[in-house]
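An overview of the molecular structure
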Amino acid sequence: MSPTRRRRSAGQQAGATTEAETFDLVIAANRLPVDKVVLDDGTVEWQRSPGGLVTAMESVMAGREGAWVGWTGQPGDEADAPFHNEGIYLRPVALTADEIAAYYEGFSNDTLWPIYHDVIVPATFHRAWWSAYEAVNRRFADAVCEVAAPGAVVWIHDYQLQLVPALVRAQRQDVRIGWFNHIPFPPVELFAQLPWRKRVLAGLLGADFLGFQRVADAKNFVRACRQLGGWQTKGQNVVVADPPREHRIVRAAAVPISIDTQGLAELANRPETRARARELRASLGNPEVLMLGVDRLDYTKGIRHRLKAYEELLDDGQIAPPDVTFVQIATPSRERVEAYRQLREEVELTVGRINGNHSVIGAPAVHYIHHGYPREEMVALFLAADVMVVTPLRDGMNLVAKEYVASRTDYGGALVLSEFTGAYHELHQAFVCNPHDIEGLKNAMLHAIQTPADQKRRIMRALRRRVMAHDVQRWAARFLADLTGTS
Ligand code: ADP
Ligand code: G6P
């Protein structure tokens with residue numbers, strides 16, 4: 001695609017009131033890549049937004065020209081003016097405080113998120129939340145149409161914006177529309193719980209191409225179209241009525257996401273990163289085994305299961321500080337949603353109990369950190385960790401697992417990986433676990449600690465081969481080729 005930017009004057013398209021720029025590539029995601037932070041003195045700072053979606057798409061958009069439509073992370077009645085950030089044109093969408101409660105915390109993260117993650121916590125249904133979801137999706141669609149040049153490629157992301165494909169198509173038949181789901185797509189038996197299931201499917205079927213993390217997710221979607229919506233399907237394809245044409249085919253396929261492997265490897269090879277990794281180990285008392293967990297504080301990540309297994313290993317006397325220690329980094333997330341509040345309380349209580357029972361002076365059993373870190377520090381942590389523990393109960397991909405592998409340019413370390421992550425389907429040579437099986441999880445952790453170093457290096461070599469060959473640029477190229485029909 002040749003990236004071009006065009007200027008359009010006011011009134012050329014319905015809804016455009018000021019001169020706006022238009023682009024051949026438009027990304028729409030709930031969040032912009034940067035969050036607006038208003039400091040106590042009223043000054044505004046822009047900070048990197050949390051989560052795997054932003055990590056991946058930030059790398060994809062670096063070096064491309066395009067627009068990104070999304071929310072700033074702050075409440076407001078009026079959208080901030082569009083601005084450029086690291087070469088990307090950012091087009092903010094305003095969300096009021098009520099919409100944040102109903103569309104973002106409510107429908108997106110208390111209705112859809114649990115249903116799409118095996119109902120680990122029960123989903124909450126409110127008709128008012130659905131209305132807000134519809135209204136906000138409409139606003140996103142209008143913003144997309146405003147910045148999309150004639151014939152543009154529009155790439156919509158994730159579960160928050162499932163109605164946007166059809167809403168954009170209704171206004172703009174000239175653009176090519178793709179949607180990628182960063183999280184799992186649920187089995188039809190769970191998706192069926194959603195009172196608005198058919199309208200969600202119809203929203204998605206406005207796209208030309210739908211990308212999913214796993215083959216199973218794409219199949220779940222096609223099956224839902226057939227069984228719950230009555231659409232005709234054939235293999236990966238759904239047949240959609242499209243007057244005045246006879247019909248339109250929408251394809252749903254697996255395009256597993258990845259990371260900026262080269263960038264991480266380069267960071268890991270820097271002498272200052274290696275020095276920082278040594279410094280981190282030293283500040284932890286140079287334990288024989290440093291175990292690490294890095295997650296958003298989300299109940300899907302299996303943090304409670306991980307801590308339980310670790311606690312039992314300590315109780316059983318199989319490991320003990322100062323020889324072994326655990327660093328758990330938990331980024332704050334969705335803190336006004338009750339299930340997340342409860343999780344934080346439980347995790348902090350558990351960490352307190354484990355430390356009370358097992359720490360020795362100067363050597364805590366668990367180091368718990370509830371904030372984010374810059375990328376350089378994350379890579380130093382990955383390099384410092386002997387065992388990376390990734391135990392989600394359900395996760396679309398889990399980029400952290402891939403980031404750990406990409407950072408281990410020294411072929412050191414060991415990855416304990418849940419079979420309920422998308423990453424497992426590419427990294428099955430890891431120390432695999434079922435996090436619901438606490439005995440099995442304890443064994444996987446012990447195995448990762450005790451396996452001889454040369455064997456671990458062979459495993460890491462195999463994991464790295466996969467991750468290095470399938471990076472985020474390759475993922476984006478494949479998605480765009482599938483979308484534009486050039487694959
Ligand atoms: P999710 O998208 O559900 O949060 P992923 O593992 O796919 O999970 O992606 C998380 C992204 O956020 C990764 O790029 C990871 O490095 C980053 N991240 C997670 N926790 C932190 C943290 N405490 N500080 C900085 N980055 C973090
Ligand atoms: C996951 C989702 C993203 C989301 C991110 C952070 O990666 O797939 O869509 O942005 O989590 O969650 P938040 O609710 O803070 O945007």
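For clarity, every value in this text was computed on a predicted model and none was experimentally measured.

1. Quick look at helix α6 (residues 197-204)
For α6, the full list of buried residues reads Val200, Leu201, Gly203 and Leu204. For α6, the buried positions fall inside an angular range of 155° around the axis, keeping them on one side.

2. Side note on the sheet that holds strand β14 (residues 289-296)
Taken together, six strands build an open sheet; the order of strands is β16-β15-β14-β17-β18-β19 and the sheet is parallel. Only two strands of the sheet have a single partner each, and these edge strands are β16 (366-369) and β19 (431-433). The sheet shows a mean angle of 20° between the axes of neighbouring strands, direction not considered. With eight bridges joining them, β14 and strand β15 (residues 324-331) adopt parallel strand pairing. For Arg296, the partnering residue across the bridge sits in β15 and is Thr331.

3. A word on the site of ligand 2
Contacts to ligand 2 come from 13 residues, most closely from Arg31, Tyr104, Asp158, Gln160 and Arg334. For ligand 2, an oxygen atom lies 2.5 Å from a polar atom in the side chain of Asp158. At a separation of 3.5 Å, an oxygen atom of ligand 2 approaches a polar side-chain atom of Arg296. In isolation ligand 2 offers 380 Å² of accessible surface; the protein chains occlude 93% of this area. The class makeup of the residues in the shell around ligand 2 is five nonpolar, four polar and four charged.

4. Here we look at the packing of aromatic side chains
In total, this model carries 25 aromatic pairs according to the counting rule given. Between the aromatic rings of Trp130 and Trp196, the centroid separation amounts to 5.5 Å while the plane-to-plane angle is 10°, which identifies the pairing as stacked. Residue Trp130 is located in helix α3 (residues 127-147), and its partner Trp196 is located in the loop between α5 (188-191) and α6; the two are separated by 66 residues in the primary sequence. Looking at Trp130, the relative accessible area reads 4%, which means it is buried. The buried category is assigned to Trp196, whose relative accessible area is 10%.

5. Describing the domain arrangement of the protein chain
For the protein chain, the domain assignment lists domain 1 (5-257 + 474-484) and domain 2 (261-469). For domain 1 and domain 2, the distance between their C-alpha centres works out to 31 Å. Listed by partner, the interface residues are 24 residues for domain 1 and 22 residues for domain 2. Summing both partners gives a buried area of about 1900 Å² for domain 1 against domain 2, and 61% of it is carried by carbon and sulfur. Of all residues in domain 1, Trp113, Ile120 and Arg214 give up the largest surface area on contact with domain 2, accounting jointly for 27% of the area buried on that side. Remark: the boundary between domain 1 and domain 2 carries two salt bridges.

6. A word on the site of ligand 1
Residues in close proximity to ligand 1 total 16 residues, the closest being Gly52, Arg296, Thr331, Tyr373 and Glu403. Measuring from an oxygen atom of ligand 1, one finds a side-chain N or O atom of Thr55 at 2.9 Å. With the chains in place, 89% of the 560 Å² that ligand 1 exposes on its own is no longer accessible. For the shell around ligand 1, the leading source of residues is helix α13 (residues 399-407), giving three residues. Among the residues making up the shell around ligand 1, the classes are represented as six nonpolar, seven polar and three charged.

7. Some points on the pattern of salt bridges
Counted according to the given criterion, the structure contains 37 salt bridges. One salt bridge in this structure joins Arg375 and Glu403, with 3.8 Å as the shortest N-O distance. Pair noted here: Arg375 is in helix α12 (residues 375-384) and Glu403 is in helix α13, with a separation of 28 residues, a long-range link. Its relative accessible area of 32% is what places Arg375 among the partly exposed residues. A salt bridge links Arg408 to Asp410, with the nearest nitrogen and oxygen atoms 3.0 Å apart. With relative accessibility at 5%, the residue Arg408 sits in the buried group. Its relative accessible area of 25% is what places Asp410 among the partly exposed residues. Shared partners join several salt bridges into a network, and the residues in it are Lys308, Glu312, Asp316, Glu439 and Lys442.

Conventions we followed
Residues numbered from 1 in each chain as written. Chains lettered and ligands numbered in written order. Predicted model: local features only at pLDDT ≥ 70, side-chain atom pairs only at ≥ 80, totals over all residues. Heavy atoms only, no water. Buried < 20%, exposed > 50% of the residue type's maximum accessible area, 1.4 Å probe, protein only. Helix = DSSP H or I, 4+ residues; strand = E, 2+ residues; numbered from the N terminus. Arc of directions from axis to C-beta. Pairing = 2+ DSSP bridges. Axes fitted to C-alpha atoms, helices over the stretch in contact; angles between N-to-C directions. Near = heavy atom within 4 Å. Polar contact = N/O pair within 3.5 Å; in protein donor to acceptor, adjacent residues only side chain to side chain. Areas by Shrake-Rupley, 256 points an atom, 1.4 Å probe, with all protein chains shown as cover. Nonpolar A, V, L, I, M, F, W, Y, C, P; charged D, E, K, R; others polar. Phe/Tyr/Trp six-rings, centres within 6.5 Å; stacked < 30°, edge-to-face > 60°. Domains from an automatic or database assignment. Contact = heavy atoms within 4.5 Å. Buried area = accessible area lost by both parts, 1.4 Å probe. Salt bridge = Lys/Arg side-chain N within 4 Å of Asp/Glu carboxyl O.

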